[in-house]
Amino acid sequence: MKAIVRSPGSATVINAISTGCGSAFGINLHVTVKASLKPSKKTFTADRDVDTALMEICVDEVLKKLEVDTGIDIKTSSTLPVASGLSSSSATSNAVVLATYQALLNDGLVSDGTWDDKDILNLAIDASLKAGVTITGAFDDASASYFGGLTITHNPRREIFHQGPLEEQNILIYMPNRKSPTAQSDVGRMKLLAPWVKLAFQEALKGNIYHALTLNGILYSAALNFNAGIALDALDAGAKAAGLSGTGPSFVAIVPDEKLDDVQEAWSIYPGKLISTQVDNVGTQVVNHG
């Protein structure tokens, strides 16, 4: 019996690389994983040209931890761009780990209640670290993808300070014509930002999410040589907040209904792609139990 799991990406409020503390929220772009057990070998296919190494590590870690020997077929499809600062790696890890676990449950190879949400999330982060697709483990991104809504976190301790729904909003994403894998980013330059990113993080803890997102996004734009004017153009056109997501290259804006056309027009002058989506408050979920 197959298990199907859908996991959303996330957008950055606070990038945790400079201080270890971060914040992110779920967005309505997803990775979907179908997992089916089979007698012997493991097979992995994706709907686009992506390295399946992360998927393979996720499955191997689940089977090793649960001491199960089985073949499995994993198929992924996605509306979430890769290497774009929108947590495609975290969403993939969450979805593959949960789908593999659910497939084992469906076939009676593990008993219900063997793992809880925390176990699944932690294993997904461990797999991402082992695959080398993240610098900090991205607990902020991974928890926002797993639980949906807004999370504020201490990444090294894997501690959640806040988790809850975020106000339903239009999310506009601008993607330049380039990729920016997190693991290849200049960590030294980002750590120079620590005193000012801490100020942005304090704003997030106070509930001033829009201020935090904008300040963080402009700071990291400067460190990573992105054009902060892209965020300022969105603010000038009426966005409530705008800034670089993750280590880029995507910029994210939170936009009220009446300003959506204005922000789209402001960003349409830049070469690349615009994606209009919404906040995801649902998180990672099993959409087919077998």
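These numbers come from a predicted model, not from an experiment.

Reading guide: rules and limits
Residue numbers run consecutively from 1 along every chain, following the written order of its sequence. Residue-level local features of this predicted model are given only where pLDDT is at least 70; pairs of side-chain atoms are given and counted only at 80 or more, and the full residue set underlies all totals for whole chains, interfaces and linings. Water and hydrogen atoms were dropped before computing side-chain values, which therefore reflect all heavy atoms in the structure. Secondary structure counts use DSSP, requiring at least four H or I residues in a row for a helix and at least two E residues in a row for a strand, with both numbered from the N terminus. Exposure categories follow from relative accessible area, calculated using a 1.4 Å probe and restricted to protein chains: below 20% of the type maximum is buried, above 50% is exposed, and the middle band is partly exposed. Contact between two residues is taken to exist if any of their heavy atoms lie within 4.5 Å; hydrogens are not considered. With residues, only the protein chains shown are counted as cover, and all accessible areas are computed by Shrake-Rupley using a 1.4 Å probe. Counted as positive: Lys and Arg. Counted as negative: Asp and Glu, with His and the chain ends omitted from the count. Charged groups are reduced to one reference atom each: NZ for lysine, CZ for arginine, CG for aspartic acid, CD for glutamic acid. The patch calculation keeps residues exceeding 30% relative accessible area without a salt bridge and links them within 9 Å when they carry like charges or within 5 Å when they are nonpolar (Val, Leu, Ile, Met, Phe, Trp, Tyr). Note on definitions: salt bridges are taken to be side-chain nitrogens of Lys or Arg within 4 Å of carboxyl oxygens of Asp or Glu. UniProt positions are given in the numbering used here, feature names are shortened, and annotations may be inferred rather than shown by experiment. Between N-to-C directions, angles span 0 to 180 degrees; the directions come from axes that are lines fitted to C-alpha atoms, helices contributing only their stretch in contact. To sort the angles, those under 35 degrees are grouped as roughly parallel, those over 145 as roughly antiparallel, those from 65 to 115 as roughly perpendicular, and the leftovers as oblique. Handedness of a crossing is defined here by the sense of rotation of the near helix relative to the far one, left-handed for an anticlockwise turn of less than a right angle and right-handed for a clockwise turn. When residues are grouped by polarity, Ala, Val, Leu, Ile, Met, Phe, Trp, Tyr, Cys and Pro land in nonpolar, Asp, Glu, Lys and Arg in charged, and all others, Gly among them, in polar. The split into domains, and so the bounds of each, comes from an automatic or database assignment of domains. As used here, buried area is the combined drop in accessible area, with a 1.4 Å probe, of two parts when they are placed together. Within 3.5 Å is the distance limit for a polar contact, defined as a pair of N or O atoms, with the added protein rule that one can donate a hydrogen and the other accept it, and that residues adjacent in sequence qualify only through two side-chain atoms. In plain words, nonpolar cores are sets of buried Ala, Val, Leu, Ile, Met, Phe, Trp, Tyr and Cys residues tied together by side-chain atoms within 4.5 Å. A pair of strands is treated as paired once DSSP finds two or more bridges between them.

**Q** Requested: an account of the overall build of the protein, with residues and values cited.
**A** Scanning the protein for helices and strands turns up nine helices and 11 strands. Its C-alpha atoms give the protein principal-axis dimensions of about 60 × 35 × 30 Å. Taken across its 290 residues, the protein has 57% of its residues classed as buried. Here the analysis covers contacts within the protein between residues at least 6 apart in sequence; of these, 74% occur between residues at least 24 apart. Put simply, the protein shows about 12000 Å² of open surface, and 49% of that area lies on carbon and sulfur atoms. In the protein, the 23 positive side-chain charges and the 30 negative ones have mean positions that sit 5 Å from each other.

**Q** Give a detailed account of a nonpolar patch on the surface, specifying residues and quantitative values.
**A** Side chains of Trp-196, Leu-199 and Leu-215 sit close together on the surface and give an oily, nonpolar patch of about 300 Å² of accessible area. Tracing the sequence through the fold places Leu-215 in helix H7 (residues 209–223). We classify Leu-215 as partly exposed; its relative accessible area is 35%.

**Q** Lay out the UniProt feature "binding site: ATP" (unreviewed entry) in the protein with the relevant residues and their values.
**A** In the numbering used here, UniProt assigns the feature "binding site: ATP" (unreviewed entry) to Pro-81, Val-82, Ala-83, Ser-84, Gly-85, Leu-86, Ser-87, Ser-88, Ser-89, Ser-90 and Ala-91. The contact partners of Ser-89, leaving out residues within four places of it in the chain, are Leu-54, Ser-128 and Val-133. Among the structural elements, Ala-91 can be located in helix H2 (residues 88–106). Discounting residues that sit within four places of it in the chain, Ala-91 has contacts with Ser-7, Pro-8, Gly-9, Val-31, Leu-80 and Ser-145.

**Q** Could you give an account of the packing of helix H1 (residues 53–66) against helix H3 (residues 117–131), with specific residues and numbers?
**A** In the contact formed by H1 and H3, the axes pass within 9 Å of each other and the chain directions differ by 130°. One finds that H1 runs oblique with respect to H3. Once H1 is placed against H3, the crossing between them reads as right-handed. Residues Leu-54, Ile-57, Cys-58, Glu-61, Val-62, Lys-64 and Lys-65 of H1 form the contact with H3, whose own contacting residues are Leu-123, Ala-127, Ser-128, Lys-130 and Ala-131. Its residues placed into classes, the contact of H1 with H3 shows seven nonpolar, one polar and four charged.

**Q** So what's going on with the domain arrangement of the protein? Residues and values would help.
**A** Along its sequence, the protein is organised into domain 1 (2–165) and domain 2 (170–278). Between domain 1 and domain 2, the contact holds 30 residues from the first and 35 residues from the second. Buried area between domain 1 and domain 2, both sides added, is near 2500 Å², and the carbon and sulfur share of it is 72%. Joining domain 1 to domain 2, the criterion identifies zero salt bridges. Applying the counting rule to domain 1 against domain 2 returns 13 residue pairs in polar contact (both at pLDDT 80 or more).

**Q** Can you tell me about the nonpolar core, naming the residues and giving the values?
**A** By size, the foremost hydrophobic cluster in this structure holds 91 residues, and its most contacted members are Phe-25, Ile-27, Ile-173 and Trp-267. The leading source of residues in this core is H2, at 10 residues. Three or more residues apiece are contributed to this core by two domains, here domain 1 (2–165) and domain 2 (170–278).

**Q** Describe the UniProt feature "domain: GHMP kinase C-terminal" (unreviewed entry) in the protein, listing the residues and the values that go with them.
**A** Listed under "domain: GHMP kinase C-terminal" (unreviewed entry) in the UniProt record, and renumbered for this structure, are residues 212–268. A helix fraction of 49% and a strand fraction of 16% characterise residues 212–268, whose end C-alpha atoms lie 25 Å from each other.

**Q** Describe the sheet that holds strand S10 (residues 273–278), and please don't skip the residues or the numbers.
**A** Taken in spatial order, the four strands of this open sheet run S8-S9-S7-S10, and their pairing is antiparallel. Each having just a single partner strand, strand S8 (241–244) and S10 make up the two edges of the open sheet. In this sheet, adjacent strand axes meet at a mean angle of 20° when their direction is disregarded. With respect to the sheet, H7 is in contact with S8 and strand S9 (251–255), its orientation differing from that of S8 by roughly 30°. Running over the sheet, helix H9 (residues 260–267) touches strand S7 (170–175), S9 and S10 and is turned about 5° from S7.

**Q** With reference to specific residues and values, describe the packing of helix H6 (residues 194–205) against H7.
**A** The contact between H6 and H7 brings their axes to 7 Å, and the two run at 160°. Taken together, H6 and H7 sit at an angle that is classed as roughly antiparallel. Of the two elements, H6 crosses H7, and the hand of that crossing is left-handed. Within the contact between the two elements, H6 uses Trp-196, Val-197, Ala-200, Glu-203 and Ala-204 and H7 uses Ile-209, His-211, Ala-212, Leu-215, Asn-216, Leu-219 and Tyr-220. Residue classes in the contact of H6 with H7 are distributed as nine nonpolar, two polar and one charged.

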